[in-house]
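As a plain string of letters, each chain reads:
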Amino acid sequence: MTTVPYSSSLGRETTYLNHSHKIRSWLLTLDHKRIAILYMISITFFFMIGGAAAVLMRLELMTPQGDLVKAETYNKLFTMHGVMMVFFFLIPSIPAVLGNFLIPLMVGAKDLAFPRLNLASWYLFMIGGLFALASLVAGGVDTGWTFYTPYSSTYSNSYVVLAVVGIFINGFSSILTGLNFIVTIHTMRAPGLTWFRLPLFCWSLYATSLIFILGTPVLAITLVLVGVERIFHIGVFDPSLGGDPILFQHLFWFYSHPAVYIMVLPSMGVVSEVITCFSRKRIFGYAFVAFSSVAIAVLGFLVWGHHLFVSGQSIYGGLIFSILSFMVAIPSGVKVFNWTATLYKGSIALQTPMLYCLGFIGLFTIGGLTGLYVASIAVDVHVTDTYFIIAHFHYIMVGGAVMAYMAGLHFWWPKMTGKMYSEWMGRFSALLIFVGFNLTFFPQFILGYLGMPRRYYAYAPEFQALNVLSSAGASVLGVGYLLPLLYLLWSLRWGKNAGPNPFRATGLEWKTSSPPPTENFEKTPIVNEEAYAYHRMEMTGDTVATH
Amino acid sequence: MDTSFRLLPETASTMASQVDGLYFFLNAVAAFFALLIFVLIVYFSLRYRRRDESVRPAPVPTNLKLELLWTIIPFLITMVLFSWSARLFIQMSHSPADAMRINVVGKQWMWKIQHPDGQREINALHVPVGKPIELMMTSQDVIHSFYVPAFRIKQDVLPGSYSRLAFTPTKVGEYHLFCAEFCGDQHSGMIGKVVVMEPAKYDAWLAGTIPDEPPALAGERLFAQYGCMACHGQRGPTMAGLFGRKVELNDGTTVTADEQYLHESIFDPAAKIVRGFTPLMPSFRGQLTEEQVMQLIAYIKSLQYSQSTQEQQ
């Protein structure tokens, strides 16, 4: 090596990245920042598997008749897409990657409260992921990521148990991560960092952690019961064994609806950080944004029954879940209004993280507003289990959560790696993803209202035009996701040095060098002002970007 | 079925236009808020774009009135949506006392339907226009879901319990019937049609007679109606070119496929099993009249002629 890649004008030589290069120093690390990088690499891998399944599905759906793959294969593809994307990419994405990296930095601590537990979480995650992969290699699972009984517990001839064990183990990873975050935020805040001075990212991950801890055990138990019924024929869900198939749906959605908020709340946290930085403004209505996170987390536990409007629950049950589902729309709306108001009279720079962030607000708004359609119980009867639902939750989970993950990744990439990526490539890919996403999923709203059911590998010919449009959009979206992979990796080798605070953001994570040293801060920082005090920020000195 | 490109499904039940009404209102609400947010974001991004790196905009204090405004107005809108949709839902869950009861059994991967006076059909549902219908549904295996987009109705069909689905068709025509709950390999093949007929035509259909219909054509219709093609040609022996041919049986003997043999095979299918097949077929004794069996035989005879000429070509 003739050059030392991490040397900078500040003269700091030792960072968390270069203090040791041994494989062992990564696989046995207790440093929250290195564990975050391990998660980042792992979830990118799982994202690519889930993405490959989506590509094959969109190719199959170009024509009304089933031709590219067999029906059985198609069923395994959408199952693998859902399992990989939900359990092994979306749920861990922002919490396990950005949360792991940032929470100790944001609260001014050296690490999370339980570093060994943190490493154990990653190993559990990987073991769970290997089980899920094993089910794929063995021949696949064809139940859909929802594992509805009695199909999953009795009738399916695929590798259900392997996949279920994988998700079960992965659940413990979520629970332990949530526990770690809660304890860290409670006990390890720097002097002066009161609850209402916390960055909203911490608030939202705190709310997310509550859901991890309260919801995940229910999913774990439910999946164990599916395994027990499948292996030992003990009747829990299958009526022919004396069970109740609807019980499964109640238990499954008791976790899996709040799981949507596991994906969305951290996204909201990222957006609150990015939008303030790039409009140089304090967040509008800090307390309203903070408490709406908690309101969403609490209300999110009371709406699972809206997945069962046509399953045969009582009319009154349906009506109560309908009104509660409308309620959960209110705090989400409050957040969107407050973010938009934050832009008012700001100093707005449309750099890459901000473009992703505004893309999030736009797509999340559409996803949220179409939530009103499906909360309207009489409309939901028509559109549930159609492509309308597919479009709605992709707007929330991909348009929302993935856009926000990209925003966060581009915002904190210089902090994590010390390097700047190509700004123009960044903006171009943000635009490509936004356009590709809408082209892929907007036609599916129309398809759904027309009545095309989900999980159909062959469909009526009149649905073809919209399906072709959707597949065309998916190819644009695919390129949009591949580009960041390339230019971010490129930046590691050839990117400009970022300096400690290239975007001149507030927050403790920007007060240390990029990449930070293993111990995060040379001395424990002291906080004496609110979050997002952009109006008081010094605009001179060496915090200005080097580009 | 109309297969041209469209943005809304056909409207063929009393609920359909009402659900569409709520859908249009939702579209208006969604379009208003989406445009409001989009326009504000684009406007602010241009109006307040960063011109000078050193600008430090003054903070805008939280405005409690504004916060309450954008909490309460959306709340009121959602309550309007809730009461509107709840009213429709209660209405669609209610079935009138004079509704015609039709039984539906879902199984992997077909819909089996029986009319009040015993008439059966598979993957098709014939109903008279303007008459309230109530389906009593159950499943023989996994969960299915009975979905007719043109009626804007859907109901899961569960094993081990009965679920009901009520509707009143308003327009004569053929409409899609889909299974909407994933049920295994051939889920997307668990489809059929709902045929809405004039009451007089429905009565004629129910009686199994359509005036002046040639027997072979009537037989073809019965062959489809009783789901014979679900097996014959795949799991069961093909009918093409069968009539008059020598058939090898499981016990090593052979018979000629004549009228007597076909009649026996329909009413007592287990009596003679064709070599290489398993005895799966149910008896149709009591379900088909002698007249209908004759029509079926006429249909099978007609296959004989056309198929064999095709084979020679």
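Please read all numbers here as calculations on a predicted model, not as lab measurements.

Draft legend 1. Spatial organisation of the overall build of chain A. Helix and strand counts for chain A stand at 15 helices and zero strands. Judged by the C-alpha coordinates and their principal axes, chain A covers about 70 × 50 × 45 Å. Within chain A, the proportion of its 547 residues that are buried is 67%. The contacts in chain A between residues at least 6 apart in sequence include a share of 82% that link residues at least 24 apart. As presented, chain A carries roughly 17800 Å² of accessible surface, and 71% of it is formed by carbon and sulfur atoms. One finds the centroid of the 29 positive side-chain charges in chain A at a distance of 11 Å from the centroid of its 22 negative side-chain charges.

Draft legend 2. Local environment of the packing of helix H2 (residues 32-60) of chain A against helix H15 (residues 464-494) of chain A. Residue and element names in this part refer to chain A. Between H2 and H15, the least distance of the axes is 10 Å, while the angle of their chain directions is 155°. When the axes of H2 and H15 are compared, the pair comes out roughly antiparallel. Crossing handedness for the pair H2 and H15: left-handed. In contact with Thr44, Phe47, Met48 and Arg58 of H2, H15 contributes Asn467, Ser470, Ser471, Ala474, Tyr481 and Leu485.

Draft legend 3. Looking closely at the interface of chain A and chain B. Taken together, the 91 residues of chain A in the interface contact 87 residues of chain B. Overall, the association of chain A and chain B removes approximately 7600 Å² of surface from exposure, summing both partners, and the carbon and sulfur fraction of that is 70%. Between chain A and chain B we count one salt bridge in total. Notably, a salt bridge pairs Glu53 of chain B with Arg504 of chain A, separated by 2.5 Å at the nearest N-O pair. For the pair chain A and chain B, the number of links is 21 residue pairs in polar contact (both at pLDDT 80 or more). Here the side of chain A that touches chain B takes 14 residues from helix H10 (residues 315-343) of chain A, the largest share from any one element.

Draft legend 4. View of the sheet that holds strand S4 (residues 124-128) of chain B. Residue and element names in this part refer to chain B. Pairing is mixed in the open sheet, where five strands are placed in the order S4-S10-S9-S6-S7. A single partner strand is all that each edge strand has here, and the edge strands are S4 and strand S7 (153-157). For this sheet, the mean angle separating the axes of adjacent strands, direction not counted, is 20°. Two strands pair when backbone bridges link them, and strand S6 (residues 144-148) and strand S9 (residues 173-179) are joined in this way by two bridges, in the antiparallel orientation. Among the inter-strand pairings, Phe146 is bridged to a residue of S9, identified as Cys179. Against the sheet, helix H3 (residues 199-206) makes contact with S4 and strand S10 (192-197), and its axis sits at roughly 130° relative to S4, the strand it touches most.

Draft legend 5. Highlighting the packing of helix H11 (residues 352-375) of chain A against helix H13 (residues 387-417) of chain A. Residues and elements named next belong to chain A. Look at H11 against H13: their axes get within 8 Å of each other, and the N-to-C directions meet at 160°. Between H11 and H13, the angle is such that the two are roughly antiparallel. For the pair H11 and H13, the sense of crossing is left-handed.

Draft legend 6. Broad picture of the confidence of the model for chain B. All names here are of chain B. Averaged over all residues, the pLDDT of chain B equals 88, while 95% of them reach at least 70. No element of chain B has a lower mean pLDDT than helix H6 (residues 290-312), which averages 69, and none a higher one than S6, which averages 97. Every residue in residues 306-313 scores below 50 in pLDDT, and together they form three contacts with partners more than four places removed in sequence or on other chains.

Draft legend 7. Up close: the domain arrangement of chain B. Residues and elements named next belong to chain B. Domain annotation for chain B reports domain 1 (8-41 + 63-207) and domain 2 (215-312). A C-alpha centroid distance of 37 Å is found between domain 1 and domain 2. Taken together, the contact between domain 1 and domain 2 spans six residues of the former and seven residues of the latter. Contact with domain 2 buries area across many residues of domain 1, yet Arg120, Ile122 and Trp205 alone supply 67% of it, more than any other trio. Put simply, domain 1 and domain 2 have zero salt bridges between them. Summed over the shared surface of domain 1 and domain 2, the result is three residue pairs in polar contact (both at pLDDT 80 or more). With three residues, the single largest contributor to the side of domain 1 that touches domain 2 is strand S3 (residues 120-122).

Draft legend 8. Geometry of unusual backbone geometry. Following Ser514 of chain A, the chain continues into Pro515 of chain A via a peptide bond in cis, with omega recorded as -10°. For Pro515 of chain A, the position within the fold is in the segment after H15. The amide bond that connects Gln108 of chain B to the next residue, Trp109 of chain B, takes the cis arrangement and shows omega of -5°. Structurally, Trp109 of chain B can be placed in the loop between strand S1 (100-107) and strand S2 (110-114). Even without a glycine there, the phi angle at Arg504 of chain A is positive, about 50°. In this fold, Arg504 of chain A is placed in the segment after H15.

Draft legend 9. Summary view of the side chain of Asn75 of chain A. Locating Asn75 of chain A in the fold gives a position in helix H3 (residues 71-107). Look at Asn75 of chain A and you get buried, because its relative accessible area is 2%. Within the structure, Asn75 of chain A has its side chain in polar contact with the backbone oxygen of Gly184 of chain B (distance 3.5 Å). In this structure, Asn75 of chain A is in contact with Val141 and Asp142 of chain A together with Phe182, Gly184 and Asp185 of chain B, ignoring residues within four places of it in sequence.

Draft legend 10. Spatial organisation of the pairing of S4 of chain B. Residue and element names in this part refer to chain B. Buried residues dominate S4, accounting for five of its five residues. Inspection of the sheet shows S4 paired to S10 by five bridges, in the parallel sense. Counted as the bridge partner of Leu125 is Val194 from S10.

Draft legend 11. Layout of the sheet that holds strand S5 (residues 133-139) of chain B. Residue and element names in this part refer to chain B. Pairing is mixed across the open sheet formed by five strands, whose spatial order is S3-S2-S1-S5-S8. With partners counted over all chains shown, the strands left at the sheet margins are S3 and strand S8 (163-167), one partner each. The mean angle between the axes of side-by-side strands here comes to 25°, regardless of whether they run parallel or antiparallel. Where S1 meets S5, seven bridges bridge the pair, whose relative direction is parallel. Residue Asn103 lies in a different strand from S5, and its bridge partner there is Met136.

Here is what the cut-offs are and how they apply
- Residues numbered from 1 in each chain as written.
- Chains lettered and ligands numbered in written order.
- Predicted model: local features only at pLDDT ≥ 70, side-chain atom pairs only at ≥ 80, totals over all residues.
- Heavy atoms only, no water.
- Helix = DSSP H or I, 4+ residues; strand = E, 2+ residues; numbered from the N terminus.
- Buried < 20%, exposed > 50% of the residue type's maximum accessible area, 1.4 Å probe, protein only.
- Contact = heavy atoms within 4.5 Å.
- Areas by Shrake-Rupley, 256 points an atom, 1.4 Å probe, with all protein chains shown as cover.
- Lys, Arg positive; Asp, Glu negative; His and termini not counted.
- Charge placed at Lys NZ, Arg CZ, Asp CG, Glu CD.
- Axes fitted to C-alpha atoms, helices over the stretch in contact; angles between N-to-C directions.
- Parallel < 35°, antiparallel > 145°, perpendicular 65-115°, else oblique.
- Left-handed = near helix turned anticlockwise from the far one by under 90°.
- Buried area = accessible area lost by both parts, 1.4 Å probe.
- Salt bridge = Lys/Arg side-chain N within 4 Å of Asp/Glu carboxyl O.
- Polar contact = N/O pair within 3.5 Å; in protein donor to acceptor, adjacent residues only side chain to side chain.
- Pairing = 2+ DSSP bridges.
- pLDDT = per-residue confidence, 0-100.
- Domains from an automatic or database assignment.

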